[in-house]
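Next come the chains, spelled out residue by residue.
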Amino acid sequence: MIYFLIFISAIFVNNIVLSQFLGICPFLGVSKKIDTALGMGAAVAFVLTLATVVTYLLNKLLILWGLEFMQTILFILVIAALVQMIEIILKKISPSLYQALGVFLPLITTNCCLLGVAILVANGTEKLPAGVTNPGLLEGTIFAFATALGFALALVLFAGIREQLSMNKIPKAMQGTPIALVTAGLLAMAFMGFSGVV
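Okay, so let's go over this structure. Just so we're clear, the structure is a prediction, and the values are computed from it rather than from any experiment.

The subject of this paragraph is the overall build of the protein. Scanning the protein for helices and strands turns up 8 helices and 0 strands. If you list the helices and strands of the protein from N to C, you get α-α-α-α-α-α-α-α. Residue pairs in contact within the protein that sit at least 24 positions apart in sequence constitute 77% of those at least 6 positions apart. Summed over its atoms, the accessible surface of the protein is roughly 10,200 Å², and 72% of this surface lies on carbon and sulfur atoms. Each charge class in the protein was averaged separately, 9 positive and 6 negative side chains, and the resulting centres sit 15 Å apart.

In structure tokens:
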């Protein structure tokens, strides 16, 4: 039951983009088409889950060797290596998705969502439902995967809304970034409705 609560909480209640405001750059940049948003969401989900497991284990070694100060640098290197691996795989498997993601695929490396979740899980400070104290690798991995799904959900919802908005007449002063920011704010307010669920 606690794993289900972690899952629901990370996707809806503590959505990484809409309530914690991490990962805003790809949220605004890749959310013009649903297929691109789905691809980015899948790439982030894979990298975030794998990076969280690897960084959690590496952090245990850093603590063992007394090198905790190396945490951020090591985590950035691990995330960069995983993103490079995703880029190579996408280039081979799906060149169209690789082209659609364009410059945003390498920018996953600098997505603060990835580094933020990896640090939260490694330090055991992520927001988990009541009852979970000092979370382990399993809880952290479930939290990371659910956080990635929440990121993808927010991205796809926002992309769908932006596609619909592009077909409507919007005042010239509100076109582009202004209407995107207003829409993101309304979407964040809608997700606040889930705050009493868990």
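As enumerated under the stated definition, the model contains 4 aromatic pairs in all. When the ring of Phe7 is compared with that of Phe145, the centres are 6.4 Å apart and the planes differ by 35°; the resulting orientation is tilted. Here Phe7 is found in helix α1 (residues 2–13), whereas its partner Phe145 is found in helix α7 (residues 137–166), with 138 residues between them in sequence. Using a relative accessible area of 27% as the deciding quantity, one classes Phe7 as partly exposed. For Phe145, a relative accessible area of 35% puts it in the partly exposed group. Ring geometry for Phe27 versus Phe158: centroids 4.4 Å apart, planes at 15°, classification stacked. Residue Phe27 is located in helix α2 (residues 24–29), and its partner Phe158 is located in helix α7; the two are separated by 131 residues in the primary sequence. The same class applies to Phe27 and to Phe158, which are both buried. Ring-pair connections join several aromatic residues into one group, and the members of that group are Phe12, Phe191 and Phe194.

Taking 1.5 Å per residue, 23 residues should reach 33 Å; helix α4 (residues 71–93) reaches 33 Å between its end C-alpha atoms and fits that length. Of the positions making up α4, those classed as buried are Gln71, Phe75, Val78, Ile79, Leu82, Val83, Ile86, Glu87 and Leu90.

With that out of the way, let us pick up the packing of α4 against helix α6 (residues 112–123). Running from N to C, α4 and α6 point in directions that differ by 125°, and their axes come no closer than 10 Å. Here α6 runs oblique to α4, going by the angle between their axes. The handedness of the crossing between α4 and α6 is right-handed. Contacts from Gln71, Thr72, Phe75, Ile76 and Ile79 in α4 reach Leu114, Leu115, Ala118, Ile119, Ala122 and Asn123 in α6. Grouping the constituent residues of the contact of α4 with α6 by class yields 8 nonpolar, 3 polar and no charged.

The subject of this paragraph is the packing of α7 against helix α8 (residues 177–191). One can describe the packing of α7 onto α8 by two numbers: an axis separation of 11 Å at closest approach and a directional angle of 135°. Looking at the two axes, α7 sits oblique to α8. In terms of crossing hand, the pair formed by α7 and α8 is right-handed. Side by side, α7 and α8 meet where Leu153, Ala154, Leu157, Phe158, Ile161, Arg162 and Leu165 of the first sit next to Ile179, Ala180, Thr183, Ala184, Leu187 and Phe191 of the second. Among the residues making up the contact of α7 with α8, the classes are represented as 11 nonpolar, 1 polar and 1 charged.

Inspection of the secondary structure assignment puts Arg162 in helix α7. In this structure, Arg162 is buried with no salt-bridge partner, the nearest side chain bearing the opposite charge being Glu163 at 9.6 Å. A distance of 2.8 Å separates a polar side-chain atom of Arg162 from the backbone oxygen of Leu28. The residues touching Arg162, leaving out its near neighbours within four places in the chain, are Leu28, Ser31, Lys32 and Ala180.

Basis of the calculations
- Residues numbered from 1 in each chain as written.
- Predicted model: local features only at pLDDT ≥ 70, side-chain atom pairs only at ≥ 80, totals over all residues.
- Heavy atoms only, no water.
- Helix = DSSP H or I, 4+ residues; strand = E, 2+ residues; numbered from the N terminus.
- Contact = heavy atoms within 4.5 Å.
- Areas by Shrake-Rupley, 256 points an atom, 1.4 Å probe, with all protein chains shown as cover.
- Lys, Arg positive; Asp, Glu negative; His and termini not counted.
- Charge placed at Lys NZ, Arg CZ, Asp CG, Glu CD.
- Phe/Tyr/Trp six-rings, centres within 6.5 Å; stacked < 30°, edge-to-face > 60°.
- Buried < 20%, exposed > 50% of the residue type's maximum accessible area, 1.4 Å probe, protein only.
- Expected span 1.5 Å × (residues − 1).
- Axes fitted to C-alpha atoms, helices over the stretch in contact; angles between N-to-C directions.
- Parallel < 35°, antiparallel > 145°, perpendicular 65-115°, else oblique.
- Left-handed = near helix turned anticlockwise from the far one by under 90°.
- Nonpolar A, V, L, I, M, F, W, Y, C, P; charged D, E, K, R; others polar.
- Salt bridge = Lys/Arg side-chain N within 4 Å of Asp/Glu carboxyl O.
- Polar contact = N/O pair within 3.5 Å; in protein donor to acceptor, adjacent residues only side chain to side chain.

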